[in-house]
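What the coordinates show
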Amino acid sequence: MLLVAGIVVFFGGSDRLEGPAGRVEDRSLDKAAPSSETAARRDDEAASPLRPTSISPQLIEVPKPELAGEFLRMWRVSGSNICSALREAGIAVSEWKTASMRNRNYECYFQRVYERDETRPLSSTFLKVRGNEMGEIVEVRARIIGPTTDDEGRLAPAILRMFEIIVKQACWRDLEDSLTSIQKLRNVEYERFGAYLSFKREADGGSNFDFVLGLKATSASQMRTKTYFSPERWLTGTDRRNVSGNVILTDRSGTSMLANCAN
């Protein structure tokens, strides 16, 4: 019995002495293997040159101006075209041209005095379409003094026609219902999704009326959309196929909408 017990104690002690050392040695080998693989991978990466990254043209394509109208309130007709439409309707507006030799603003206008006393007009009509050299309209203004009306107090068709052409040429259908108020010489003021229209009797309570139509992008979403489609946001480049990821290209060839969208 003593002999058997001594054999058991001997072999049990040898396992305890060899086991931990073996496990430590195995862990050292496991750590050494990944380190060798990482070093080899880094050497391969350092030896190979950087490869250029190709970017799809769709990711950097400049937004097309004709698509802007789907997301942003904008004039769909040029200043020259709206002036031509007014002339075709019998309203003798001037040609679309620079306001003066030292002024880069463009405009066409119409002014006629029907009746006046010694100091001021008693009945007159004034209209101005103002824009820039690209043909983009900035604002349309009109003023009527002592307008002719019918027995029911409605504006004469010849003058109402002027407002109808302006509003319909803009292609902003949601503002066309303002024509009913204008015909009845009632104050009306709209500000809808980046556009404003105002037709008001002057504060003195006389028979003078002021009309304004233009763009007014005020909300955050409208301003972001306007900035996105603005040509000043995009950088000019020469080759779309060889650009880095942080360069955006543009084509500044024409930014105004020249199509006459309404008749």
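Use the structure listed above.
The paragraphs below set out a description of the structure included in this document. (Residues numbered from 1 in each chain as written. Predicted model: local features only at pLDDT ≥ 70, side-chain atom pairs only at ≥ 80, totals over all residues. Heavy atoms only, no water.)

**Looking at the packing of aromatic side chains**
- Evaluation of the coordinates by the stated rule reveals 5 aromatic pairs.
- Judged by centre distance (5.4 Å) and plane angle (5°), the ring pair of F199 and F209 falls under stacked. Of this pair, F199 sits in strand β6 (residues 195-201) while F209 sits in strand β7 (residues 208-215); the two residues are 10 residues apart in sequence, bridging distant segments of the chain. With respect to burial, F199 and F209 carry one shared label: buried.
- Through pairs of rings, three or more aromatic residues link up here, namely F163, F199, F209 and F211. (Phe/Tyr/Trp six-rings, centres within 6.5 Å; stacked < 30°, edge-to-face > 60°. Helix = DSSP H or I, 4+ residues; strand = E, 2+ residues; numbered from the N terminus. Buried < 20%, exposed > 50% of the residue type's maximum accessible area, 1.4 Å probe, protein only.)

**Points about the pairing of strand β2 (residues 103-116)**
- Sheet topology note: the strand β1 (residues 97-100)/β2 ladder contains 3 bridges and is antiparallel. Residue T98 lies in a different strand from β2, and its bridge partner there is Y106.
- The turn linking β1 back onto β2 is made up of 2 residues.
- Bridge count for β2 against strand β3 (residues 121-131) is 10 bridges, and the pairing is antiparallel. (Pairing = 2+ DSSP bridges.)

**Examining the sheet that holds β1**
- Ordered by their spatial adjacency, 7 strands build an open sheet running β1-β2-β3-β4-β7-β6-β5, and the pairing between neighbours is antiparallel. Each edge of the sheet is formed by a strand with only one pairing partner; in this case those strands are β1 and β5 (188-192). Adjacent strand axes in the sheet meet at a mean angle of 20°, parallel and antiparallel pairs treated alike.
- Packing of helix α4 (residues 79-88) onto the sheet brings it into contact with β2, β3 and β4 (137-145), and relative to β3 it is tilted by some 145°.
- In the packing of helix α5 (residues 157-169) onto the sheet, contacts are made with β3, β4, β6 and β7, and the angle to β4 comes to roughly 165°. (Axes fitted to C-alpha atoms, helices over the stretch in contact; angles between N-to-C directions. Contact = heavy atoms within 4.5 Å.)

**Some words on the state of the cysteines**
- The final tally for this structure, using the stated rule, is 1 disulfide.
- Here C83 is linked by a disulfide to C108, with a sulfur-sulfur distance of 1.8 Å. The disulfide joining C83 to C108 has a torsion of about -85° about its S-S bond and is therefore left-handed. Separated by 25 residues along the polypeptide, C83 in helix α4 and C108 in strand β2 bring together distant segments of the chain. With respect to burial, C83 and C108 carry one shared label: buried. (Disulfide = S-S within 2.5 Å.)

**Details of the nonpolar core**
- Formed by 39 residues in total, the largest nonpolar core has its most connected members in F163 and F211.
- For this core, the leading source of residues is α5, giving 7 residues.
- Setting aside anything within four residues of it in sequence, one finds F163 in contact with A142, I144, L155, L179, I182, F199 and F211. (Core = buried A, V, L, I, M, F, W, Y, C linked by side-chain atoms within 4.5 Å.)

**A word on the layout of surface pockets**
- Its boundaries defined by the atoms lining it, the second largest pocket holds a volume of some 190 Å³.
- Forming the boundary of the second largest pocket are A89, G90, I91, A92, F110, R112, Y114, T125, A158, I159 and M162.
- The set of elements that each furnish at least two residues to the lining of the second largest pocket consists of β2 and α5. (1 Å grid on protein atoms, 1.4 Å probe; cavity = no way out; pocket = protein on both sides within 12 Å on 5 of 7 lines; lining within 4 Å. Points joined across faces, edges and corners; volume = space filled by probe spheres on them.)

**What about the pattern of salt bridges?**
- Evaluated as defined, the whole model comprises 15 salt bridges.
- In this structure, R154 engages E152 in a salt bridge whose closest nitrogen and oxygen atoms are separated by 3.5 Å.
- Assessed through its relative accessible area of 32%, R154 is described here as partly exposed.
- Exposure remark for E152: the relative accessible area of 62% places this residue in the exposed category.
- The shortest N-O distance in the salt bridge between D177 and R192 comes to 3.9 Å. In this pair, D177 is assigned in the loop between α5 and α6 (178-183) and R192 in strand β5, connecting sequence segments 15 residues apart. (Salt bridge = Lys/Arg side-chain N within 4 Å of Asp/Glu carboxyl O.)

These figures come from the coordinates and say nothing about function on their own.
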